[in-house]
Amino acid sequence: MVSASTPPAPDPLPCSPSQAEGGWEALVPPALERAWGWSPEKAKLVDPAAKDLLPALVRLMALRSAARADSTTSSVLDPWDRMAQRATLLHPRCGGGWTIAGRWLQALAARKHLEAVAPGVKATSPAPEGTESRFYGGGWAQGLRETAAALSVTLAPAEEIWISEDSPVSAAVQVWSRAVSREAPDAGPSQSGALLPGERLWLLGGEAGGLAGSLYQDSILRIRAGVPTPVDPASLLRLEPLLRRLRAEGLAREVRAVGEGGLMATLADWLVDSGPGRGAVLAVHPRHVRRRDAFLFGEDVQRLLVSVPAAGEEEIRAAAGKAEVCALPLGEVTEGIALALQVGGVVMAWRVEQLGGPAARMTVQRENLA
């Protein structure tokens, strides 16, 4: 039975980091401490081939589509909350940072300014001062505070729900957030949001996504370990004036934050939303991709996907270099039905209609029936 009650602890979640010698990190449960040592190399994972990456994107889009169809219920987290939740369960301090940075990045892409975030947490009530609660609560709260302060975001008091001991709980803690944003004063006129044939696609803010904490690692590789990519507030803050300048000069027509499912899932969503007859052809040099799956499906709440007029690529490159922001050309939007990608000698292509709408949901239904 799930019940909400006043926590018995005098210092409820989000609590201050433990005052024990060594701080909250000294209280890491042994299983999670071992998980921190995970890496692709130690796990002996190899960079997947195209035959593994092709179905991975279809599966990711199906999972996202199914989650979107269930979003009418209040208990379902939105994609940004789900990202922060997975990161929190691996490394609470990183998860707290993702909670703030994800909302900040989402607002920036939407021509808004993030003013405040109201976090929420659900945890078991019997042991709020125990090792596990301290590890999760203290680390998550510290990540929230650090990132909110660095990005000048007001942090509202957390909504707390305490679960009785006999309630079945799938995770030690569940976290969510509600953002308060306003229109940026110099955001410029809002566009249709649809991608147009001939436009170039650029990635701003980082070349490689992280595997740890991603939907891909959790659901495709079925590994729940590792340390998510730590938030770099300084890099995020450099994105804001650059994007403002690019928009003012007409060099960034539309922008999307790279969210759940990573770069390719975000682009596939954008193509589907742009209507029938929209595809893309991408080509990425291998030196920009340490692992193909991390680049394509990794998550790090620090990257933007930008549509650029064909004549503006040199200006984008120069402006990004001056702003010290990583900028990577990806390819162009086409009139067609395919999303095609070349990474070195590996070539892949997906039918856009296979990646969105009813087709994606049917993929999940068929797999569930099996």
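The structure we're discussing is the one just above.
These remarks concern the structure in this document. (Residues numbered from 1 in each chain as written. Predicted model: local features only at pLDDT ≥ 70, side-chain atom pairs only at ≥ 80, totals over all residues. Heavy atoms only, no water.)

1. Brief notes about the overall build of the protein chain
Counting its secondary structure elements, the protein chain contains 11 helices and 11 strands. In the protein chain, which comprises 370 residues, the share counted as buried stands at 51%. Intrachain contacts of the protein chain at a sequence separation of at least 6 include 86% that bridge at least 24 residues. Approximately 16,500 Å² of the protein chain is accessible, and the part contributed by carbon and sulfur atoms is 54%. (Helix = DSSP H or I, 4+ residues; strand = E, 2+ residues; numbered from the N terminus. Buried < 20%, exposed > 50% of the residue type's maximum accessible area, 1.4 Å probe, protein only. Contact = heavy atoms within 4.5 Å. Areas by Shrake-Rupley, 256 points an atom, 1.4 Å probe, with all protein chains shown as cover.)

2. Looking at unusual backbone geometry
Of all residues except glycine, most have a negative phi; of all peptide bonds, most are trans. A positive phi is found at Arg222, a non-glycine position, where the angle reads about 55°. Residue class for Arg222 comes out exposed when judged on its relative accessible area of 65%.

3. Section: helix H3 (residues 79-90)
For the α-helix, the turn length of 3.6 residues means that residues three or four positions removed from each other point alike. The end-to-end C-alpha distance of H3, which contains 12 residues, comes to 17 Å, matching closely the 16 Å that a straight helix rising 1.5 Å per residue would cover. Across the 12 residues of H3, 10 count as buried, placing the element largely inside the fold. Every buried residue of H3 is accounted for by Trp80, Asp81, Arg82, Met83, Ala84, Gln85, Arg86, Ala87, Thr88 and Leu90. For H3, the capping residue at the N-terminal end is Asp78, with a side-chain oxygen 3.1 Å from the backbone nitrogen of Trp80. (Expected span 1.5 Å × (residues − 1). Polar contact = N/O pair within 3.5 Å; in protein donor to acceptor, adjacent residues only side chain to side chain.)

4. Quick look at the pattern of salt bridges
Note on pairing: side chains with opposite charge can pair once their charged atoms come close. Inspection of the entire model under this criterion finds 19 salt bridges. Here Asp273 and Arg256 are joined by a salt bridge, their closest N and O atoms 3.0 Å apart. A residue pair is termed long-range when its members are at least 10 positions apart, and Asp273 in helix H8 (residues 262-273) and Arg256 in strand E6 (residues 254-257) qualify at 17 residues. Close ionic contact of Asp300 with Arg303 constitutes a salt bridge, the shortest N to O distance being 3.5 Å. Grouping residues by exposure puts Asp300 and Arg303 together as buried. Here the salt bridges share partners, and the residues they tie into one network are Asp78, Asp81, Arg103 and Arg178. (Salt bridge = Lys/Arg side-chain N within 4 Å of Asp/Glu carboxyl O.)

5. What to know about the sheet that holds E6
The 7 strands are arranged E6-E8-E5-E9-E7-E10-E11 in an open sheet whose pairing can be described as mixed. Of all strands in the sheet, those bounded by a partner on one side alone are E6 and strand E11 (346-351). Pairwise comparison of adjacent strand axes, ignoring direction, gives a mean angle of 20° for this sheet. In the sheet, strand E7 (residues 278-284) pairs with strand E9 (residues 327-335) via 5 bridges, with the strands oriented antiparallel. Directly across from Gly279, in E9, lies its bridge partner Thr334. (Pairing = 2+ DSSP bridges. Axes fitted to C-alpha atoms, helices over the stretch in contact; angles between N-to-C directions.)

6. What about the pairing of E7?
Judged by how many residues are buried, E7 sits mostly within the fold: 5 of 7 residues are covered. Where E7 and strand E10 (residues 338-343) come together, 5 bridges link them in parallel fashion. Counted as the bridge partner of Leu282 is Leu341 from E10.

7. Notes on the environment of Gly96
With respect to the element layout, Gly96 can be found in helix H4 (residues 92-109). Overall, Gly96 belongs to the buried group, its relative accessible area being 0%. Put simply, Gly96 and Leu144 are 48 residues apart on the chain and 4.4 Å apart in space, counted from C-alpha to C-alpha. With residues near it in sequence (within four places) discarded, Gly96 still touches Thr88, Trp140, Gly143 and Leu144.

8. Digging into the packing of aromatic side chains
For the structure shown, the criterion picks out 1 aromatic pair. Centroid distance Tyr216 to Phe297: 5.1 Å. Interplanar angle 35°. Geometry classified as tilted. Of the two residues, Tyr216 sits in helix H6 (residues 215-221) while Phe297 sits in helix H9 (residues 292-297), which places them 81 residues apart along the sequence. Taken individually, Tyr216 and Phe297 each receive the classification buried, so the pair is uniform in this respect. (Phe/Tyr/Trp six-rings, centres within 6.5 Å; stacked < 30°, edge-to-face > 60°.)

9. Observations regarding the nonpolar core
Membership of the largest hydrophobic core comes to 43 residues, with the highest contact counts inside it found for Val153, Leu236, Leu239, Leu246 and Leu304. Counting residues per element, this core draws most heavily on H4, at 8 residues. Setting aside residues no more than four positions away along its own chain, Leu246 makes contact with Leu204, Leu251, Ala252, Ile316 and Ala319. Formed by 41 residues, the second largest nonpolar core is a distinct cluster that contains Val58, Val258, Phe295 and Leu330. (Core = buried A, V, L, I, M, F, W, Y, C linked by side-chain atoms within 4.5 Å.)

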